[in-house]
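Chain by chain, the residues run as shown.
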Amino acid sequence: MSASDKNTRPAPEPVQVVKQRRDRALQALVSGIPYVQFLGIEFDRRGDELTATLRYDPKLIGNPLLPAIHGGATAAFLETAAIIELGWARVWSDVESGALDVEAMTPESLPRLPKTIDFTVDYLRSGLPRDAYARARINRSGRRFASVHVEAWQDNRSKLFAQGTGHFVMPERNDGADAAARDRG
């Protein structure tokens, strides 16, 4: 083997291939939750940032006199955005490291999603009969617990109609690092 063979690195993957792998991983994560499909929530990925979209549907209206999106639908939307954000953060790192094979992914093979401890919603104004958007920000995510803040808006990102904060139990990881930590402790 010549010196030049030792110093050559494999060619980087085309950006489109990387994007497609990430999109397939997100789709597998989201498709495992029937309630997401029932509510009509979609997720758009830009890099590692997710935006949840709650597509308008008349079934979401709670008060037809206003009309306004039902508070329960709003809370479910925010909580779902938080849970998917936490799940995506874990899946993202596993996909990027190669620990999770995207081609073989099914909803059953994905890591378990976090479980809600508590979730508080602030209803800031009526949710109008149109699409709504949300972004979650992980405040802290440890081995056992996580804290997430979510903001939802409709036409203008600076005019929130709801926000929420939740605390979640993180599922155990089944990789070697967690197994080694359990063996030590």
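Check the entry above for the structure.
Residues numbered from 1 in each chain as written. Predicted model: local features only at pLDDT ≥ 70, side-chain atom pairs only at ≥ 80, totals over all residues. Heavy atoms only, no water.

Here's the deal with the side chain of threonine 51
So, point 1. Relative to the assigned elements, threonine 51 resides in strand 2 (residues 49–54).
So, point 2. Take threonine 51: its relative accessible area is 11%, and that puts it in the buried class. (Helix = DSSP H or I, 4+ residues; strand = E, 2+ residues; numbered from the N terminus. Buried < 20%, exposed > 50% of the residue type's maximum accessible area, 1.4 Å probe, protein only.)

A word on the pattern of salt bridges
So, point 1. Under the definition given, this model contains 7 salt bridges.
So, point 2. In this structure, the salt-bridge partner of arginine 135 is glutamate 49, at a minimum N-O distance of 3.7 Å. Within this pair, whereas arginine 135 is found in strand 6 (residues 132–141), its partner glutamate 49 is found in strand 2, the two being separated by 86 residues in sequence.
So, point 3. Classification of arginine 135 as partly exposed rests on a relative accessible area of 26%.
So, point 4. The partly exposed category is assigned to glutamate 49, whose relative accessible area is 41%.
So, point 5. Each of Glu42, Arg55 and Asp131 takes part in salt bridges that share partners, so that together they form one network. (Salt bridge = Lys/Arg side-chain N within 4 Å of Asp/Glu carboxyl O.)

Remarks on helix 4 (residues 71–97)
So, point 1. Here helix 4 spans 39 Å end to end across 27 residues, near enough to the 39 Å set by a 1.5 Å rise per residue.
So, point 2. Of all 27 residues making up helix 4, 20 are buried, and the element is well covered by its neighbours.
So, point 3. Once helix 4 finishes, glycine 98 follows within two positions and takes phi at roughly 90 degrees, a positive value. (Expected span 1.5 Å × (residues − 1).)

Examining the packing of aromatic side chains
So, point 1. Using the criterion set out here, one finds 4 aromatic pairs in the structure.
So, point 2. Each ring, one from tyrosine 35 and one from phenylalanine 38, has its centre 6.1 Å from the other, and the planes form 15 degrees; the classification is stacked. Taken together, the residues span about one helical turn, with tyrosine 35 and phenylalanine 38 both in helix 3 (residues 34–39) at a distance of 3 residues.
So, point 3. When the ring centre of phenylalanine 38 is taken as origin, the NZ or CZ atom of lysine 59, which lies over that ring, is 4.2 Å away.
So, point 4. Above the face of the tryptophan 153 ring, arginine 157 is positioned so that its terminal group lies 4.2 Å from the ring centre. (Phe/Tyr/Trp six-rings, centres within 6.5 Å; stacked < 30°, edge-to-face > 60°. Lys NZ or Arg CZ within 6 Å of the ring centre and 35° of its normal.)

A short note on the pairing of strand 2
Note on strand geometry: in a regular strand, side chains alternate between the two faces of the sheet.
So, point 1. In terms of burial, strand 2 is a largely internal element, 5 of the 6 residues being buried.
So, point 2. Strand direction decides the pairing type here: strand 1 (residues 41–46) and strand 2, joined by 6 bridges, are antiparallel. Bridging across to strand 2, aspartate 44 finds its partner in threonine 51.
So, point 3. Between the antiparallel neighbours strand 1 and strand 2 lie 2 residues, among them glycine 47 with a positive phi of about 65 degrees.
So, point 4. Of the pairings in the sheet, the one linking strand 2 to strand 6 comprises 3 bridges and is antiparallel in character. Within strand 6, the position partnered with leucine 54 by the bridge is alanine 132. (Pairing = 2+ DSSP bridges.)

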